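Chain residues, written in single-letter form:
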Amino acid sequence: MAVNLEQLAASNQAAVESLLALANTALASAERVAALNLSTARDALKDGASNAKTLLAAKDPQQALAAQSALVQPAVEKAVAYSKSMLEISSDSQQQFAKMLENTFAGYQQQVANLVNQASKAAPAGSEQVIAGIKAAMEQANNAFANLTQMSKQFSDSAQATAAAAMSTMAKAAKK
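The rules behind the values
- Residues numbered from 1 in each chain as written.
- Predicted model: local features only at pLDDT ≥ 70, side-chain atom pairs only at ≥ 80, totals over all residues.
- Heavy atoms only, no water.
- Salt bridge = Lys/Arg side-chain N within 4 Å of Asp/Glu carboxyl O.
- Helix = DSSP H or I, 4+ residues; strand = E, 2+ residues; numbered from the N terminus.
- Buried < 20%, exposed > 50% of the residue type's maximum accessible area, 1.4 Å probe, protein only.
- Axes fitted to C-alpha atoms, helices over the stretch in contact; angles between N-to-C directions.
- Parallel < 35°, antiparallel > 145°, perpendicular 65-115°, else oblique.

*Asks:* What is the right way to look at the pattern of salt bridges in this model?
*Replies:* Where charged atoms from two side chains of opposite charge approach closely, those side chains can pair. Applying the stated criterion across every chain yields a total of 3 salt bridges. Its salt-bridge partner being E88, residue R32 comes within 3.7 Å of it at the nearest N-O pair. With R32 in helix α1 (residues 5-56) and E88 in helix α2 (residues 61-122), this pair connects stretches of sequence that are 56 residues apart. On the basis of relative accessibility, which here comes to 33%, the residue R32 falls in the partly exposed class. For E88, a relative accessible area of 47% corresponds to the partly exposed category.

Put into structure tokens, the structure is as follows:
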């Protein structure tokens, strides 16, 4: 069986494009995290100055304690909002990476299937069992990947639900 240089070049091009898409997704996620962190830091500095002024304006220790207690609720709510934003960024990135992986794997599956079909056409007589064995191994690999993908999605969904429930509980506890 002869090597088709056009197919090899197309395959290499697809691999480079997949890597670039992966890198761009990672950089976009990093940009979102950086923007969130910068915004959070800016807000924390502003809130810290405002809170300090509020505490310094207290006339006696009880007023200071009351002012400090009133400042806790908004701080917890902002922490929960920050955590939700980070979870959203992480979840979006994970979904994009999973989709890219699935698309890339689907492309490789098709390439391997085409290669096996070409090989089976050029194979000598009597090699049908070998070709059938290769096809069965490919089917098992495809099923294993599908199971792994499903388990990964279930784990991700469960982790997100747990994190969301924890943030909700934390927000409710702060309101008390």
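*Asks:* Which parts of the structure should I look at to understand the packing of α1 against α2?
*Replies:* Any two packed helices are characterised by how steeply their axes cross, that is the angle between the axes, and by the distance between the axes. Two numbers describe how α1 lies on α2: the axes approach to 11 Å, and their chain directions differ by 180 degrees. As the angle between them shows, α1 and α2 are arranged roughly antiparallel.

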